[in-house]
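Next come the chains, spelled out residue by residue.
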Amino acid sequence: MAAETTSHEAVAADHGAHAPAGTTEVAAHGGGESGGGLPQFEFEHWGGQIVWLFLIFAVLYILLAKVFIPRLRMIQDTRAATIADAVTQARSVQAEAEAQAKAAQAEIDEARARARGLAVDAKTKAAAELASSQKAEDERLQAQMDEAEARIRGLRDQAMTNVRGIAGETAQAMVEKLTGQKVTAAEIDAALTARVQGAA
């Protein structure tokens, strides 16, 4: 029994001697892992971890300070400048639009005043033309009335002359028939004139 145990140990040692180095390291690490906790929580690894922490922090700080923050600041400044330019341009356009609106309103007021003046002038001219035309028409009608009155007076005078002649002849005939005496036209005319004057 003792001889068999010694032979088995010799074989195992012989295999261990001929085994690759990696296998031995793996076995050693495996034995360590199975025996302890996480290596980053072990005190002997803290120095390297702190050094890497400072290195990573420095790299991140440099990247932030030299790359990211300037880019963000540049983007922010560009955006602010764009907004300021847009606001300035909008104010300029608004001022120009207000100036154009005022100019248009002034033109409208001037056109309205001109239209009112033209309307007043046209009304005055039309009134003057109407008055002139009315005056000419009145003069024409007055001339026609004067002419008609003159014609009427002439006809009346002619009618009165005829009536007086007829009346004289009638009176002469009546006197001759009633009295048997002949009277002249001059006597009849004198009698009629005296009668008219006495009636007046």
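Residues numbered from 1 in each chain as written. Predicted model: local features only at pLDDT ≥ 70, side-chain atom pairs only at ≥ 80, totals over all residues. Heavy atoms only, no water.

Quick look at the overall build of the protein chain now. Helices and strands together make up the secondary structure of the protein chain, namely 4 helices and 0 strands. Mapped from its N terminus to its C terminus, the protein chain presents α and β elements in the order α-α-α-α. Of all 200 residues assigned to the protein chain, the portion counted as buried reaches 2%. On the protein chain, roughly 17500 Å² of surface is accessible, and the fraction owed to carbon and sulfur atoms is 64%. (Helix = DSSP H or I, 4+ residues; strand = E, 2+ residues; numbered from the N terminus. Buried < 20%, exposed > 50% of the residue type's maximum accessible area, 1.4 Å probe, protein only. Areas by Shrake-Rupley, 256 points an atom, 1.4 Å probe, with all protein chains shown as cover.)

Counted under the stated rule, the structure contains 3 salt bridges. The shortest N-O distance in the salt bridge between R114 and E110 comes to 3.2 Å. Pair noted here: R114 and E110 are both in helix α3 (residues 46-179), with a separation of 4 residues, about one helical turn. Residue classification places E110 among the partly exposed positions, given a relative accessible area of 48%. Taking the shortest distance from any N to any O, the salt bridge between E147 and R151 comes out at 3.2 Å. Separated by 4 residues within a single helix, E147 and R151 lie in helix α3, roughly one turn from each other. Under the relative-accessibility criterion, R151 is labelled partly exposed at 48%. (Salt bridge = Lys/Arg side-chain N within 4 Å of Asp/Glu carboxyl O.)

Glancing now at the confidence of the model for the protein chain. For the protein chain, the mean per-residue pLDDT works out to 77, and 76% of the residues sit at or above 70. Within the protein chain, helix α2 (residues 21-35) has the poorest average pLDDT of any element, 41, and α3 the best, 88. Note on residues 1-35: pLDDT under 50 across the span, and 0 contacts to partners over four residues away in sequence or across chains. (pLDDT = per-residue confidence, 0-100. Contact = heavy atoms within 4.5 Å.)

A few words on a nonpolar patch on the surface. On the surface, a cluster of nonpolar side chains totalling about 940 Å² of accessible area is made up of V51, W52, L55, I56, V59, L60, L63, L64, F68 and I69. Within the secondary structure layout, L64 lies in helix α3. (Patch = residues over 30% accessible without salt bridge, like charges linked within 9 Å, V, L, I, M, F, W, Y side chains within 5 Å.)

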